[in-house]
Structures are given as structure tokens and as C-alpha cells.
Amino acid sequence: DDQFAKNLGAKDLNDLKILLEKQLSKEQSSITETIVRKEILDYLDENCKFELPEDLVKNEQEIVKHSFIHEKAHKDEPHDDHKHGHDHSDIKLTKEEEDDILDISKRRVKLALVLNQIGEDYKIQVTTQELQQELQKQMSMYPGQEKQIRDYYQKNPSEITRLRGPIYEDKIVELVKSKAKVTVKEVNKKELEELVKDLSSNLKSKSSAKSAKSGDDKSKKDTKSEDKSKSTKKISKK
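All figures in this text were calculated on a predicted structure; none of them were measured in a lab.

Quick question: what am I supposed to make of the packing of aromatic side chains here?
Aromatic ring pairs are reported here in terms of the distance separating the ring centres and the angle at which the planes meet. Within this structure, the stated rule accounts for one aromatic pair. Aromatic pair Tyr152 and Tyr153: ring centres 5.5 Å apart, planes at 75°, arrangement edge-to-face. Owing to a relative accessible area of 40%, Tyr152 belongs among the partly exposed residues under this scheme. Taking the ring centre of Tyr168 as reference, the NZ or CZ of Arg164 above it sits at 4.4 Å.

This is the structure in C-alpha cells:
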């Protein structure tokens, strides 16, 4: 009834229905964006063929391997109980896990190089205003801790550059979407749930490009060298 709706923050039952419909629509849009994003990154990964810098791949392997070992060591613990700095030298990885680590590392490096090259080709920039907006978004995620977060970034201005990576990548993905031939396909609830299930499964075994930002600055240096720049330019324009 209306009282129940008011208890949930709505004016009445009809208002609650409208709010729920908006929330569901927002969630579906978010899922759709995630699926489209993954398809774009998968396409770039599968169709961009060039030799990857071995040093970048090896560095990324170490990062991914550390994550695998840490996750394996604490898989039965609640996330909040995970402690860093422990000796995990007794943790052994299987051949399949080692292969997964290599595949993930190559994907991260490739996508970082390709996206950076596209960003340079189209002169993609992240403005100070966009960084501030992202900072505000970060603070809104932790109600009551806004001051601590703001103070942290003021005392550590270099840390705000960490916010640049996701914004930069989002702008490049949006650019690719704007230039792509888009086919709209309507799906029902069951089909959408299947897509989400497949997406969740794939995300466990593959890295999204956001994870590639750990090597973002170094990747940019490599793409600026003449030979690598030429190869990635040819590929990114396919």
C-alpha cells in the first residue's frame, strides 16, 4: 500500500513503481554498456596482430602471477581478512594457471598499447575538470569519509593521476563506439541473464582493459618508438 511505499522513500505506490522501473532501466543500461565494452575490447584483442614487447609482458606476468597466488592462498577467507606481505612461496600454480597468466598478461599489454595508440592518433585528452568529477564520484561512494578522501589527494597530488587511466580508456572506447557500425538487438529478460552469465564467466578468465593501466605510462613510452608506433597505428585503424 501507500504506507509501504512511503517507508521505502516513495510518495505513494505509483511513485514507488516509477522509481523501481527507473532503477531497473538503469541497471539494464549498465549491463548493456559492459557487454558492448567487452565486445569492443575482445575485437581489438583478436584482430590486432603485432609483436608484443617482451619486457612489458614479463612485467605484467609478475603482477598477474602475484594476484593469482594471493587469491589462491586466501580463497577460503573472507575478502576483508586478506592480509598482504605474507610469504606465499609454498603456493604452486598449475600448468593451466600459468597459461592463463600468460594469456591475461598478453591481453593486458596488447590492449594498453592499442588503446594508447588510438588515444594518441585522435588526440584524446583527460581534462582537470574530468579528474575532479571522477574524484567527486569516488567520494560519493564513501559517505561520511569525503573529507578524509579529499585530504588524502591534497596531500598526495600524484595519486590523482591514478584516476586518469579509467577516464582515458572510457573516452577511447566511446570514440570506437561512435565510429563503429552498431546493430541494435532486442533481448528478453532470460536472454539478458544469459549474456550476464557469460560475461561474468569470461571476466573471471580474462582481464578487462582497465587492468592494463598498471603499465600505462610505460606502454606510452614504447608506443612512441618509431617501429612500434607504426605497427600499432596500422592495427588500430582496422
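Here the narrative resumes, following the displayed structure.
Sorry if this is basic, but what is going on with the environment of Glu134 here?
Residue position: Glu134 is located in helix α5 (residues 128–140). Glu134 sits 32 residues away from Pro166 along the chain, and the two C-alpha atoms are 9.5 Å apart. Other than its neighbours up to four places away in sequence, Glu134 contacts Leu163 and Ile167.

What is the right way to read the pattern of salt bridges from this model?
Oppositely charged side chains can form a pair if their charged atoms are brought close together. This model, assessed by the stated rule, comprises 15 salt bridges. With a closest N to O distance of 2.7 Å, Lys177 and Glu33 form a salt bridge. Taken together, the residues Lys177 in helix α7 (residues 164–179) and Glu33 in helix α2 (residues 13–47) connect sequence positions 144 residues apart. The buried category is assigned to Lys177, whose relative accessible area is 18%. Note that Lys38 and Asp42 form a salt bridge whose closest N and O atoms lie 2.4 Å from each other.

Please clarify how α2 should be interpreted in this entry.
Each turn of an α-helix holds 3.6 residues, which means side chains three or four residues apart point in the same direction. Here α2 is 35 residues long and its end C-alpha atoms lie 51 Å apart, about the 51 Å a rise of 1.5 Å per residue gives. Of the residues making up α2, those classed as buried are Asp15, Leu16, Ile35, Arg37, Lys38, Ile40, Leu41, Asp42, Leu44 and Asp45. Its side-chain oxygen placed 3.2 Å from the backbone nitrogen of Asn14, Asp12 serves as the N-cap of α2.

When you look at the nonpolar core in this model, what are you seeing that I'm missing?
Soluble globular proteins: nonpolar side chains tend toward being buried together. Grouped together as the largest cluster of nonpolar side chains are 28 residues, with contacts concentrated most on Leu44 and Leu135. With six residues, the top contributor of residues to this core is helix α4 (residues 95–121). Val64, Ile69, Leu93 and Ile104 belong to the second-largest nonpolar core, a separate cluster that totals five residues.

Teacher, can you tell me more about the packing of α5 against helix α6 (residues 146–155) here?
Running from N to C, α5 and α6 cross one another at 140°; their axes reach a closest spacing of 9 Å. It follows that α5 is oblique to α6 by the angle criterion. α6 is crossed by α5, and the crossing has right-handed handedness. Here Leu135, Gln138 and Met139 of α5 lie close against α6, whose contacting residues are Glu146, Ile149, Arg150 and Tyr153. Residue composition of the contact of α5 with α6, by class: four nonpolar, one polar and two charged.

Whenever I open this one, a nonpolar patch on the surface confuses me. Can you help?
A cluster of nonpolar side chains, namely Phe4, Leu8 and Leu13, defines an oily patch on the protein surface of about 300 Å² accessible area. With respect to the element layout, Phe4 can be found in helix α1 (residues 2–7). Among the residues examined, Phe4 registers a relative accessible area of 47% and is labelled partly exposed.

What exactly am I supposed to notice about the confidence of the model for the protein here?
Caution applies to low-pLDDT regions: their predicted coordinates should not be interpreted in detail. Confidence along the protein averages 79 in pLDDT terms, with 77% of residues attaining 70 or more. The low-confidence segment residues 205–238 (pLDDT under 50) makes 63 contacts with residues lying over four places distant or belonging to another chain.

Is there a simple way to explain the packing of α5 against α7 in this structure?
What describes two packed helices is the angle between their axes and the distance between those same axes. Following both chains from N to C, one finds α5 and α7 inclined at 115°, their axes separated by 10 Å at the closest point. One way to sum up the angle between α5 and α7 is to call them roughly perpendicular. When the axes of α5 and α7 are compared, the crossing they make is right-handed. Touching Glu130, Leu131 and Glu134 of α5 are Arg164, Ile167 and Lys171, all from α7. Partitioned by chemical class, the residues of the contact of α5 with α7 number two nonpolar, no polar and four charged.

Whenever I open this one, unusual backbone geometry confuses me. Can you help?
Peptide bonds are, in most cases, trans, and in most cases residues other than glycine have a negative phi. If you check the backbone angles, Lys123 has positive phi at about 55° while not being a glycine. The exposed category is assigned to Lys123, whose relative accessible area is 66%.

Looking at this structure, I do not really get α7. What am I missing?
Between its first and last C-alpha, α7 extends 23 Å over 16 residues, near the 22 Å set by a 1.5 Å rise per residue. By the burial criterion, the buried members of α7 are Gly165, Ile167, Tyr168, Glu169, Ile172, Val173, Leu175 and Lys177.

Reading guide: rules and limits
- Residues numbered from 1 in each chain as written.
- Predicted model: local features only at pLDDT ≥ 70, side-chain atom pairs only at ≥ 80, totals over all residues.
- Heavy atoms only, no water.
- Phe/Tyr/Trp six-rings, centres within 6.5 Å; stacked < 30°, edge-to-face > 60°.
- Buried < 20%, exposed > 50% of the residue type's maximum accessible area, 1.4 Å probe, protein only.
- Lys NZ or Arg CZ within 6 Å of the ring centre and 35° of its normal.
- Helix = DSSP H or I, 4+ residues; strand = E, 2+ residues; numbered from the N terminus.
- Contact = heavy atoms within 4.5 Å.
- Salt bridge = Lys/Arg side-chain N within 4 Å of Asp/Glu carboxyl O.
- Expected span 1.5 Å × (residues − 1).
- Polar contact = N/O pair within 3.5 Å; in protein donor to acceptor, adjacent residues only side chain to side chain.
- Core = buried A, V, L, I, M, F, W, Y, C linked by side-chain atoms within 4.5 Å.
- Axes fitted to C-alpha atoms, helices over the stretch in contact; angles between N-to-C directions.
- Parallel < 35°, antiparallel > 145°, perpendicular 65-115°, else oblique.
- Left-handed = near helix turned anticlockwise from the far one by under 90°.
- Nonpolar A, V, L, I, M, F, W, Y, C, P; charged D, E, K, R; others polar.
- Patch = residues over 30% accessible without salt bridge, like charges linked within 9 Å, V, L, I, M, F, W, Y side chains within 5 Å.
- Areas by Shrake-Rupley, 256 points an atom, 1.4 Å probe, with all protein chains shown as cover.
- pLDDT = per-residue confidence, 0-100.

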